[in-house]
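Given next are the chains, with one letter for each unit.
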Amino acid sequence: MLALVMLINRAGSMVLPFLGVYMTDNLKFSIENTGIVLSFFGIGSVIGSWLGGFITDRIGEYRVQYLSLLLSVPLFCLIPLFKTEVGVATIILLQSIVSDSFRPANSVAITKYAKPDKITRAFSLNRMAVNLGFSIGPALGGILSAISYEFLFFSNAFAALSAGILYIVFFRKRNQLAKLKAKKVKEVIEIKKESSPYRDGKFLVYCFFCMLFSICFFQLFSTLTIFYKDTAHLSQQNIGYILGYSGFLVVLLEMGLVQIAEKYFSLAATMLLGTFICGFAYAMLAFDYSILTLVVSMSLLCVGEIWALPFMSTITALRSGTNNKGSYMGLNGISFSIAFIVTPYLGTLIAEKLGFTILWIGTGILATIIAVAFYFIVPWMIKDKKGIVEN
């Protein structure tokens, strides 16, 4: 049901991939100013990830999730009313804070309901829902944006409202039962006070490289769509189709590839492969952008994503304690959110000043360095695949 809620929410995920195109095509912002405005989504994401993790450990993941979903509805509807750089940046900042407070709470809910030996598969199931929704949303978004960009925002609002109502209906009683069970446990077990992730040096190093990986990968939502439009000369519908294809491909491959990784690779080797493949997928765009190359590049990006993102969440869950999972998930979420600040501005700046060729080659080189770093950092932080945390 968590995955179904996520599916409905992400089926309306038409806004983010098209924000850059919306601002350059409809609002006539420059590419550089578009990158700056998109960075405010990242700032809001940082604040939302921290806030979501902070309040999840205090009021529980149930309240945080339904409040995030319901409060995001009016904010999505307000976006098309703003036409200036300052106005769009402000509403995107507010919407991002509210929407991204959902993520750490959702991750805590997954660890709450999943069996310990199936955490990675649980995260993968949730990501399958995200990607299935993402395969529907942008494809539909490409069609709707050709008619009117306002349809994107209202559709996203409707999806968030539907997800919020479904979540409340299904999890309200289950959350009450879980609270009663936890209360009984507290009566017989003294809860050990656990340290803050912000004082966990090894985890901070890990999050830093997660941030660098995200800067490379999340060009999917900003620079890549502009490249498709301006350099590869794809129509908005075709941009939506190729993004939809990526989500559909992840849905088809994720569970199988995750099981292969769990069976044959260590966590460190999986992170090495996933990160390197993502970098290679971007680097190949520097040499050719025919439709075949675009599809192959996106296919490789999907494989790399599968062998990186769900395992990042698993590693975070293994490193955290029993009562500070929200804070750990929130801090790891911040590392992704910072990328949303840096990536749009840095990517568009490099593309405008140096060209997309330099951008894609640089992305490939940086991703290779990050891949090697993960290979050594993960064993340094945890002892083995079972997730026994080092003292």
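Residues numbered from 1 in each chain as written. Predicted model: local features only at pLDDT ≥ 70, side-chain atom pairs only at ≥ 80, totals over all residues. Heavy atoms only, no water.

As annotated in an unreviewed UniProt entry, the protein is MFS transporter from Chryseobacterium ginsengisoli. Regarding the protein, the UniProt comment filed under Subcellular location (unreviewed entry) reads as follows: "Cell membrane". (UniProt positions renumbered as here; feature names shortened; annotations may be inferred.)

For unusual backbone geometry, give the residues involved together with the corresponding values.
Keep in mind that most residues, glycine aside, have a negative phi and that most peptide bonds are trans. At Lys28, a position not held by glycine, the phi torsion is positive, near 65°. Here His233, not a glycine, exhibits a phi torsion of approximately 60°, which is positive.

Residues and numbers for the nonpolar core, please.
Membership of the largest hydrophobic core comes to 91 residues, with the highest contact counts inside it found for Tyr206 and Met312. Of the residues forming this core, the biggest block, eleven residues, is contributed by helix 9 (residues 201-217). Dropping the residues within four chain positions of it, Tyr206 is found in contact with Phe311, Met312, Ile315, Thr316, Asn332, Phe374, Ile377 and Met381. (Core = buried A, V, L, I, M, F, W, Y, C linked by side-chain atoms within 4.5 Å. Buried < 20%, exposed > 50% of the residue type's maximum accessible area, 1.4 Å probe, protein only. Helix = DSSP H or I, 4+ residues; strand = E, 2+ residues; numbered from the N terminus. Contact = heavy atoms within 4.5 Å.)

Break down the pattern of salt bridges for me, citing the residues and quoting the values.
Per the stated rule, a full pass over the model turns up four salt bridges. For Asp200, the salt bridge goes to Arg319, with nearest N and O atoms at 3.0 Å. Of this pair, Asp200 sits in the loop between helix 8 (150-188) and helix 9 while Arg319 sits in helix 14 (residues 309-319), placing them 119 residues apart in sequence. Pair check on accessibility: Asp200 and Arg319 agree, each one buried. (Salt bridge = Lys/Arg side-chain N within 4 Å of Asp/Glu carboxyl O.)

Can you tell me about helix 10 (residues 223-230), naming the residues and giving the values?
Of all eight residues in helix 10, six are buried, a share of seventy percent or more. The set of residues buried in helix 10 consists of Thr223, Leu224, Thr225, Ile226, Phe227 and Tyr228.

Just give me the short version of helix 9, but keep the residues and values in it.
Residues three or four positions apart in an α-helix share a direction because the helix packs 3.6 residues into each turn. The end-to-end C-alpha separation of helix 9 is 24 Å, in line with the 24 Å expected for 17 residues at 1.5 Å each. Those residues of helix 9 not exposed but buried are Phe203, Tyr206, Cys207, Phe209, Cys210, Met211, Leu212, Phe213, Ser214, Ile215, Cys216 and Phe217. The elements touched by buried residues of helix 9 are helix 12 (267-283), helix 13 (291-306), helix 14, helix 15 (325-353) and helix 16 (356-381). (Expected span 1.5 Å × (residues − 1).)

How would you summarise the packing of aromatic side chains if you had to cite specific residues and measurements?
This structure, assessed with the given rule, holds 21 aromatic pairs. With centroids separated by 5.4 Å and ring planes inclined at 85°, the aromatic side chains of Phe208 and Phe209 adopt a geometry described as edge-to-face. A relative accessible area of 43% means that Phe208 is categorised as partly exposed. We classify Phe209 as buried; its relative accessible area is 17%. Among the aromatic residues, ring-to-ring pairing joins Phe227, Tyr228, Tyr282, Tyr289, Phe356 and Trp360 into one connected group. Positioned above the aromatic ring of Phe54, the side-chain terminus of Arg58 is 3.8 Å from the ring centre. (Phe/Tyr/Trp six-rings, centres within 6.5 Å; stacked < 30°, edge-to-face > 60°. Lys NZ or Arg CZ within 6 Å of the ring centre and 35° of its normal.)

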